[in-house]
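# Results of the structural survey
Given next are the chains, with one letter for each unit.
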Amino acid sequence: MTVDDLEFREFYAAQYTRLCWLGLLLTGDQAEAEELAQEALVRTWWRWALHRPDDPAAYARKVLVNRHRSLLRRAGVESRFLARTRIEPVPPPGDEQAMVLWQAVRGLPARQRAVLVLRFHEDLTEAEVARLLGLPLGTVKSLAHRGLARLRDRLGSPDLDPTTSTRREAR
Amino acid sequence: MTQEPQLEDRLRAALRRPEGSPWPEEHGAFDQFLHRRSRRGRALAARGALAVVVAVALVVGLPRLLPSRPVVPATPPLTGRLLQMPAGGFEVTVPAGWTDLSRSRRIVTPGSELGSGVALRPMRRAANTMVMLYTGTLSSVQYPGTEPGGGGPDSSFSTDQASDRLEDRGGPLGRGRRPDGRPYVWQQTRLGTNQVARYAIAWPYQCTPQQACPPGARWRVLLVDGVSEEGPATRRRVLEVTRRIVDTVRPITNALPGGALGSVDLAVPPVKGRWLLGTGGRGRGAWRASILQDAEDVFALEFPQRRPAAAQRAEVIEPTILIAGQLGVLNDCLSWLRPQAGLVSGVVPENVTTLRISIAGKPPLTVRAFGHGQPARWAAFVSPPLARGTRVTRVVALDASGRTVAESEPDPTLSHPVCHVFR
């Protein structure tokens, strides 16, 4: 087993935060995000030990996304329960509008959220998202379309429109 | 006139990670990674050991089943001929166009034992193409169904298979049930290997009251392996035949109640198995601690009442650590309980009677070891439920005279607050 520890450590340092962030966007939970990132990096290390992936970062991302999907499938009931009792996650820094949008994304169904996160956070094409999620291209397009439509709806509602809430406060 | 940014652009900006911002708990993350990596290594080693056992069995068994010269069928082809293997407790109808190649009464390997076997091959020559049937007692953890005579479902054969999808180099796995109700597990294999499919059918040895039943007899399985080095068409055909055999192979002699043959399979050396050390906990936090013995000893802490599915924590016991006076301690979170609670557990040498668990900011807990006097020759301990956030700092194992036998090794996860990350 030959893994250059220094090289992997550098890879780890470069990827940990990125993967945690992706995990946070997918799950909305800091602890789950860390768990997913660690698991993805451990599995990447073992893969690396056997045969270095062509693109270790893409491999780690793929492990994380698949692991997240597996967890969703296996623990649907538990996840729904946890979602109700979950402590508020770390919000991303940014302006008020970005925060509102981020919260709206968190409120999307898991598959729509995953598609939008991979499309607009990871900058993947729809075909790449389809491959990564193991879904037909048409399904990905449809999920993206419905996700964006739902976001437009939600952003149009008074609860989520920052300009509306600011106006209300100003009154 | 400024144009309103598109929703896609706003989304891209909102989801963007701020450059240079560290993750809140990045400090210490790499230590956690190293620990998790070594844990996974041990788990992989355990699985690898099991795979080696199966591989060794095949390597040892195949030369006996395969003649060294090109095959010349010893018996004329007979459609629907019944072939009986009394020692293995099964009879099989040889499919049309197939014949039996070789029989072996018993194949014994250091890590496992296999009972009687037979290989069937097509009459038309095909490279290394056959269906092998043989009884084996590989391990209680591989048993495909409910423990004979009671007990709960054994979920360990295929636990976590979904999460290992990326690393699974084989094909799909699954469970099924024969028309007579016997459960089985199966695995198909992708092109590129010569194994097409493997089925393991629950085939418990039925001991008569007069017999001293070997410990592993109840965990016996009938393995049906389809093998071919030919192309997809032949492999499909082998798969079909394998499936048909799985559905039609019948139990006889020692696989039927009261039908055991006195001295055939009982002559094999006793197999390792599963020893229950103790039970505890309540409700959905109820646990069952066992030692599973196979190529290596495994400490298993099962939570049969967990919902939506039972959970199992299994860890390979590393005797060298205990001999060196160190103690491997597991720190688990019962994340399905409300409120969540943690358990600290582990395996100790038999001479340990109590454990002292030090907790940050609180008086130490004293826990009794249990499970002494078992053939497994290990004892275990499980703490009472610990509140979320509890920080265990040290665990010391003591013998009856109060002498220290072993201490917890320096371990970042042990001192990690209960239920914080590792859940």
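Since the model is a prediction, treat every value here as computed from it, not as a measurement. (Residues numbered from 1 in each chain as written. Chains lettered and ligands numbered in written order. Predicted model: local features only at pLDDT ≥ 70, side-chain atom pairs only at ≥ 80, totals over all residues.)

## So, the nonpolar core
In globular proteins that are soluble, nonpolar side chains generally tend to be buried together. One finds Leu19(A), Ala37(A), Leu41(A) and Leu64(A) to be the most contacted residues of the largest nonpolar core, which totals 45 residues. Top element by residues in this core is helix α1 (residues 5–27) of chain A. It accounts for 9 residues. Residue-level mapping places this core at the junction of two domains, with at least three residues from each of domain 1 (1–90) and domain 2 (94–171) of chain A. Setting aside residues up to four positions removed in sequence, Leu64(A) forms contacts with Leu19(A), Leu22(A), Gly23(A), Leu36(A), Ala37(A) and Ala40(A). Core analysis: the second largest hydrophobic core is formed by 35 residues, Val118(B), Met130(B), Tyr184(B) and Val249(B) among them. (Core = buried A, V, L, I, M, F, W, Y, C linked by C-beta atoms within 7 Å. Buried ≥ 20, exposed ≤ 12 C-beta atoms within 10 Å, placed from the backbone. Helix = DSSP H or I, 4+ residues; strand = E, 2+ residues; numbered from the N terminus. Domains from an automatic or database assignment. Contact = placed C-beta atoms within 7 Å.)

## Re the confidence of the model for chain A
Residue and element names in this part refer to chain A. Overall, the prediction assigns chain A a mean pLDDT of 73, with 73% of residues at 70 or greater. Looking at the elements of chain A, mean pLDDT is at its lowest for helix α9 (residues 162–170), recorded as 33, and at its highest for helix α6 (residues 110–120), recorded as 88. Between residues 158–171, whose pLDDT stays under 50, and residues either more than four places distant or in other chains, the model counts 10 contacts. (pLDDT = per-residue confidence, 0-100.)

## Details of the sheet that holds strand β19 (residues 352–359) of chain B
Residue and element names in this part refer to chain B. With mixed pairing, 5 strands are arranged side by side in an open sheet as β16-β24-β23-β19-β20. Taken across any chain shown, the strands that pair with only one partner, and hence form the sheet edges, are β16 (326–327) and β20 (362–368). Of the pairings in the sheet, the one linking β19 to strand β23 (residues 392–399) comprises 7 bridges and is antiparallel in character. What sits directly across from Ile359, in β23, is Val392. (Pairing = 2+ DSSP bridges.)

## Some details on the packing of α6(A) against helix α8 (residues 137–156) of chain A
All names here are of chain A. Across the interface, α6 lies against α8 with an axial gap of 8 Å and an inter-helix angle of 95°. Relative to α8, α6 is oriented roughly perpendicular. Listed contacts from α8 to Arg111, Gln112, Val115, Leu116 and Arg119 of α6 are Val140, Leu143, Ala144, Arg146, Gly147 and Arg150. (Axes fitted to C-alpha atoms, helices over the stretch in contact; angles between N-to-C directions. Parallel < 35°, antiparallel > 145°, perpendicular 65-115°, else oblique.)

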